[in-house]
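One letter stands for each residue in the lines below.
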Amino acid sequence: MAKDEAGVRVPDTKLAREATELVRESTSELIYHHSRRVYFFGSLQGRNRDLSFDPELLYIGAMFHDLGLNEEFHTSGRRFEVDGADEARRFLQARGVPEDSVRRVWTAIALHTTPGIPEFMEPEVALVTAGVEYDVLGLGYADISAAQREEIVALHPRPDFKKRILGAFTDGIRHKPETTFGNVKADVLQHYVPGFQRGDFVRTILDSPWAE
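The model shown is predicted, which means the values in this text are computed figures rather than measured ones.

Asker: Explain the packing of helix α8 (residues 161-173) against helix α9 (residues 185-192) to me, please; I cannot follow it from the model alone.
Answerer: Relative placement of two packed helices is described by the angle separating their axes and the distance separating the axes. Look at α8 against α9: their axes get within 10 Å of each other, and the N-to-C directions meet at 95°. It follows from the interaxial angle that α8 and α9 lie roughly perpendicular. For the pair α8 and α9, contact is made by Leu166, Phe169, Thr170 and Ile173 and by Lys185, Val188, Leu189 and Tyr192, respectively. Class assignment for the residues of the contact of α8 with α9 results in 6 nonpolar, 1 polar and 1 charged.

As structure tokens, then:
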């Protein structure tokens with residue numbers, strides 16, 4: 001089952017409805033609307049790239065991709081992407097979803113802030129990242145028409161989105177700064193958390209316990 005919204009087929013299955021309800025109840029309006037836009041933009045980019053994907057799996061990946069920013073995970077010691085991926089896995093396994101599908105969703109969420117890799121993986125993995133990159137970074141902005149963008153944003157508004165999403169990233173990861181080593185979220189803490197010290201890969205090698 002699916003319904004058309006803004007020219008995109010949105011899954012209307014029991015699984016999709018339960019995912020929507022869970023995310024809407026457990027995250028902010030900011031993250032809820034962002035996650036829905038990620039599905040819309042990811043779907044349209046899939047159409048542009050002529051990729052065949054499972055809309056339900058893409059939807060679950062999009063809806064859960066930022067769940068790891070929630071306060072309950074602030075002290076987990078893991079990357080927020082992994083926390084979100086693990087929550088999606090628990091959600092899907094509890095509902096008897098096949099393991100290959102669970103793996104695709106887990107991977108899509110875990111890698112959505114790791115540029116240069118998802119685009120070469122399964123369509124669902126590639127398109128969660130494509131949707132995130134479109135909504136947050138504006139990558140491929142001209143790939144989707146102004147009319148389509150406006151219709152999607154009318155459904156899921158993004159007032160002051162740039163500042164608000166950066167605030168959400170900061171709040172979600174400032175308690176575990178070590179998890180930003182080697183990934184794009186270190187940039188967020190460097191801008192917004194006084195005293196943050198970025199990890200240095202070269203220094204880590206030179207200071208390792210190896211003599212040579």
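Asker: Hey, could you run me through the packing of aromatic side chains in this one?
Answerer: Between two aromatic rings, the relevant description is the distance of the centres plus the angle of the planes. The full count for this structure, using the stated rule, is 5 aromatic pairs. A centroid spacing of 5.1 Å and a plane angle of 45° characterise the contact between Phe64 and Phe91, whose relative ring orientation is tilted. Linking Phe64 in helix α3 (residues 55-64) with Phe91 in helix α4 (residues 80-93), this pair joins segments that are 27 residues apart in sequence. Assigned by exposure class, Phe64 and Phe91 land together as buried. Joined through ring pairs, the aromatic side chains of Tyr39, Phe40 and Tyr59 make up one cluster. Its end group placed over the ring of Phe161, Arg37 keeps NZ or CZ at 4.8 Å from the ring centre. Cation over ring: Arg149 sits above Tyr141, and NZ or CZ is 3.8 Å from the ring centre.

Asker: What is the right way to read empty space enclosed by the protein from this model?
Answerer: Empty space left among the atoms is revealed by rolling a probe the size of a water molecule over them. Following the criterion strictly, the structure yields 1 cavity of 30 Å³ or more and no others. Along the walls of the largest cavity sit Arg79, Phe80, Glu81, Ile173, Thr179, Thr180, Asn183 and Lys185, which together make up its complete lining. When grouped by side-chain class, the residues that make up the lining of the largest cavity number 2 nonpolar, 3 polar and 3 charged.

Asker: Whenever I open this one, a nonpolar patch on the surface confuses me. Can you help?
Answerer: Together, Phe181, Phe201, Val202, Ile205 and Leu206 line one region of the surface with nonpolar side chains, adding up to about 530 Å² of accessible area. Note on placement: Val202 falls in helix α10 (residues 201-206).

Reading the values: the criteria
- Residues numbered from 1 in each chain as written.
- Predicted model: local features only at pLDDT ≥ 70, side-chain atom pairs only at ≥ 80, totals over all residues.
- Heavy atoms only, no water.
- Axes fitted to C-alpha atoms, helices over the stretch in contact; angles between N-to-C directions.
- Helix = DSSP H or I, 4+ residues; strand = E, 2+ residues; numbered from the N terminus.
- Parallel < 35°, antiparallel > 145°, perpendicular 65-115°, else oblique.
- Contact = heavy atoms within 4.5 Å.
- Nonpolar A, V, L, I, M, F, W, Y, C, P; charged D, E, K, R; others polar.
- Phe/Tyr/Trp six-rings, centres within 6.5 Å; stacked < 30°, edge-to-face > 60°.
- Buried < 20%, exposed > 50% of the residue type's maximum accessible area, 1.4 Å probe, protein only.
- Lys NZ or Arg CZ within 6 Å of the ring centre and 35° of its normal.
- 1 Å grid on protein atoms, 1.4 Å probe; cavity = no way out; pocket = protein on both sides within 12 Å on 5 of 7 lines; lining within 4 Å.
- Points joined across faces, edges and corners; volume = space filled by probe spheres on them.
- Patch = residues over 30% accessible without salt bridge, like charges linked within 9 Å, V, L, I, M, F, W, Y side chains within 5 Å.
- Areas by Shrake-Rupley, 256 points an atom, 1.4 Å probe, with all protein chains shown as cover.
- Salt bridge = Lys/Arg side-chain N within 4 Å of Asp/Glu carboxyl O.

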